[in-house]
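# An overview of the molecular structure
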Amino acid sequence: MPEHQTELPFSPEISAELLRWLAFLGDQKRMSPKTLEAYRRDVTQFLLFMTEHLGEQPSLRNLAALAPRDVRAFMASRRSQGIGARTLMRQLAGARSFARFLERDGKGKVGALNAVRAPKLSKTLPKPLTVPSARRVSDIGLRAGEEREPWIFARDAAVLALLYGSGLRISEALGLSGKDVPAPGQGDTIIVTGKGNKTRMVPVLPQVLTLVADYIALCPYDLSDDEPLFVGAKGGQLSPRIIQLTMERLRGALGLPDTATPHALRHSFATHLLSRGGDLRSIQELLGHASLSTTQIYTAVDTERLLDAYKAAHPRA
């Protein structure tokens, strides 16, 4: 039984509505199991707080009667437990989503959730790698001192090349199956499944396909067209943590900062395209962003880099 369908510590009516909401998110919104679990956890924390705050298990009726001060009390409680603004904003978003579901279903309006401002986030811009550094992360020669089998090096190089060469999320790269990636000379695009199980087509460079083919040729396991393309040392789908550890080693070899993570390669892909004149809408499609506003952050990154170059080069700066 999926975790979000296990028994919930609330009244029967609230538990039933929670399960219906989670089923709606999964069936209609096509959210992944991990996203559903995060939503379930966040709304459960909100309702557990309200149980203690109100002195009784929340019902649909007293949820509708909540005042803004009740929601602020929840936020203050979470902050006192060391919860950051980003996590708190996500928890409020989950509670608001549940409230909208109840309202659309005629189960009452939880207006207090919308009457309270979400916490402000400090804007942190993505930190891309330089072009030479981004290119070198897939250089197997950098790992010559490690005692690992050649196919492991080839696998990691292929994954990292996909992150930078096609702008993939690490989950998207590791979710590829054998049939998703063409052999060199037999295609120049791949079909990627992103957030919300949405698929998109992205270009793939010939040199990246060559790295993938090198890995396939060396891999000691049978790689079925319908099974994960990238496997761990003992078989089975490769864990993202392995690629994160690989980047940690490469940071030392290349003298890169801690911000040089696998996801920074995706940031680098977008930033480098934009700096070479790439169209923002096209980059949005390549990254699989639902909203252009998400992609627009890279314009700020590019502007920041231009200003840094200006300050470094201008004699009066």
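Residues numbered from 1 in each chain as written. Predicted model: local features only at pLDDT ≥ 70, side-chain atom pairs only at ≥ 80, totals over all residues. Heavy atoms only, no water.

### Focus on unusual backbone geometry
Heads up, the condition is: Only DSSP runs of H or I with at least four residues qualify as helices, and only runs of E with at least two residues qualify as strands; both kinds are numbered from the N terminus onward. Any residue under 20% of the maximum accessible area for its type is buried, any over 50% is exposed, and the rest in between are partly exposed; the area is computed with a 1.4 Å probe on protein chains only.
Despite not being glycine, Arg-30 has its phi angle at roughly 55°, a positive value. When you line up the elements, Arg-30 lands in the loop between helix 1 (12-27) and helix 2 (33-54). In this structure Arg-30 comes out as partly exposed when scored by relative accessible area, which is 43%.

### Details of the packing of helix 2 against helix 5 (residues 85-104)
Quick note on the threshold: Only the stretch in contact is used when fitting a helix axis, every axis being a line fitted to C-alpha atoms; angles between N-to-C directions are given from 0 to 180 degrees. When describing relative orientation, an angle under 35 degrees is termed roughly parallel and one over 145 degrees roughly antiparallel, while 65 to 115 degrees is termed roughly perpendicular and anything else oblique. By definition, residues are in contact when any of their heavy atoms lie within 4.5 Å.
Where helix 2 meets helix 5, the axes come as close as 8 Å, and the angle between the chain directions of the two elements is 85°. The orientation of helix 2 relative to helix 5 falls into the category roughly perpendicular. Only Arg-90, Gln-91, Gly-94, Ala-95, Ser-97 and Phe-98 of helix 5 make contact with helix 2, whose side of the interface consists of Tyr-39, Asp-42, Val-43, Gln-45 and Phe-46.

### What to know about the pairing of strand 2 (residues 199-203)
Each regular strand carries side chains that alternate between the two faces of the sheet. For clarity, the threshold we go by: Here a strand pair is declared whenever DSSP counts at least two bridges between the two strands.
On strand 2, burial follows the alternation: Arg-200 and Val-202 on one face are buried, whereas Thr-199, Met-201 and Pro-203 on the facing-out side are not. Taken together, the five bridges between strand 1 (residues 189-193) and strand 2 define a ladder with antiparallel strand orientation. Among the inter-strand pairings, Ile-191 is bridged to a residue of strand 2, identified as Met-201. Between strand 1 and strand 2, which pair antiparallel and follow one another directly, the connecting turn spans five residues, one of which, Gly-196, has a positive phi of 70°.

### Considerations on helix 10 (residues 206-218)
Spelled out, the test is: In this scheme, a helix's expected span is set at 1.5 Å multiplied by one less than its residue total.
When the terminal C-alpha atoms of helix 10 are compared, their 19 Å separation across 13 residues agrees well with the 18 Å that a helix rising 1.5 Å per residue should span. Next to the buried residues of helix 10 lie helix 8 (150-166).

### What to know about the domain arrangement of the chain
Often the size quoted for an interface is simply the accessible area lost on bringing the parts together. Rules: Each domain's extent is set by a domain assignment, obtained either automatically or from a database.
Domain boundaries assigned for the chain yield domain 1 (12-115) and domain 2 (131-313). Its C-alpha centre places domain 1 at a distance of 36 Å from the equivalent point of domain 2.

### A closer look at the nonpolar core
Here is the rule we go by: Working definition of a nonpolar core: buried Ala, Val, Leu, Ile, Met, Phe, Trp, Tyr and Cys residues. They are joined through side-chain atoms within 4.5 Å.
Core analysis: the largest hydrophobic core is formed by 50 residues, its most contacted members being Leu-162, Leu-168, Ile-190, Tyr-215 and Phe-230. Looking at this core, the elements with two or more residues in it are helix 8, helix 9 (170-174), strand 1, helix 10, helix 11 (240-254), helix 12 (262-275) and helix 13 (280-287). Tallying contributions element by element places helix 8 first for this core, with ten residues. When near neighbours in sequence (up to four residues on either side) are disregarded, Phe-230 contacts Arg-155, Ala-158, Val-159, Leu-162, Ala-173, Leu-174, Tyr-215, Gly-236, Gln-237 and Leu-238. Formed by 30 residues, the second largest nonpolar core is a distinct cluster that contains Leu-22, Leu-63, Met-75 and Leu-102.

### Focus on the packing of helix 12 against helix 13
A packed helix pair is summarised by two numbers, namely the angle formed by the two axes and the spacing between the axes. Formally: Crossing chirality is assigned from the near helix's rotation relative to the far helix, an anticlockwise turn below a right angle marking it left-handed and a clockwise turn marking it right-handed.
Running from amino to carboxyl end, helix 12 crosses helix 13 at an angle of 160°, the nearest separation of the two axes being 10 Å. Judged by the inter-axis angle, helix 12 sits roughly antiparallel to helix 13. The two elements helix 12 and helix 13 cross, and the hand of that crossing is right-handed. Side by side, helix 12 and helix 13 meet where Arg-266, Phe-269, Ala-270, Leu-273 and Leu-274 of the first sit next to Leu-280, Ile-283, Leu-286 and Leu-287 of the second.

### Some remarks on the pattern of salt bridges
Note the following rule: Here, a salt bridge means any side-chain nitrogen of Lys or Arg that lies within 4 Å of a carboxyl oxygen of Asp or Glu.
The full count for this structure, using the stated rule, is 17 salt bridges. For Asp-156, the salt bridge identified is with Arg-155, shortest N-O distance 2.9 Å. The exposure class of Asp-156 is buried, given its relative accessible area of 1%. Via salt bridges that share partners, Arg-143, Glu-146, Arg-148, Arg-155, Asp-156 and Arg-249 belong to a single interconnected network.

### Remarks on the UniProt feature "active site" (unreviewed entry) in the chain
Stated precisely, the cut-off is as follows: UniProt positions are given in the numbering used here, feature names are shortened, and annotations may be inferred rather than shown by experiment.
The residues that UniProt annotates with the feature "active site" (unreviewed entry) are Arg-169, Lys-195, His-263, Arg-266, His-289 and Tyr-298. Locating Arg-266 in the fold gives a position in helix 12. Leaving out residues up to four positions away in the same chain, Arg-266 has contacts with Leu-163, Gly-167, Leu-168, Arg-169, Glu-172, Arg-200, Leu-287 and His-289. Along the chain, the position of His-289 falls in the loop between helix 13 and helix 14 (292-295).

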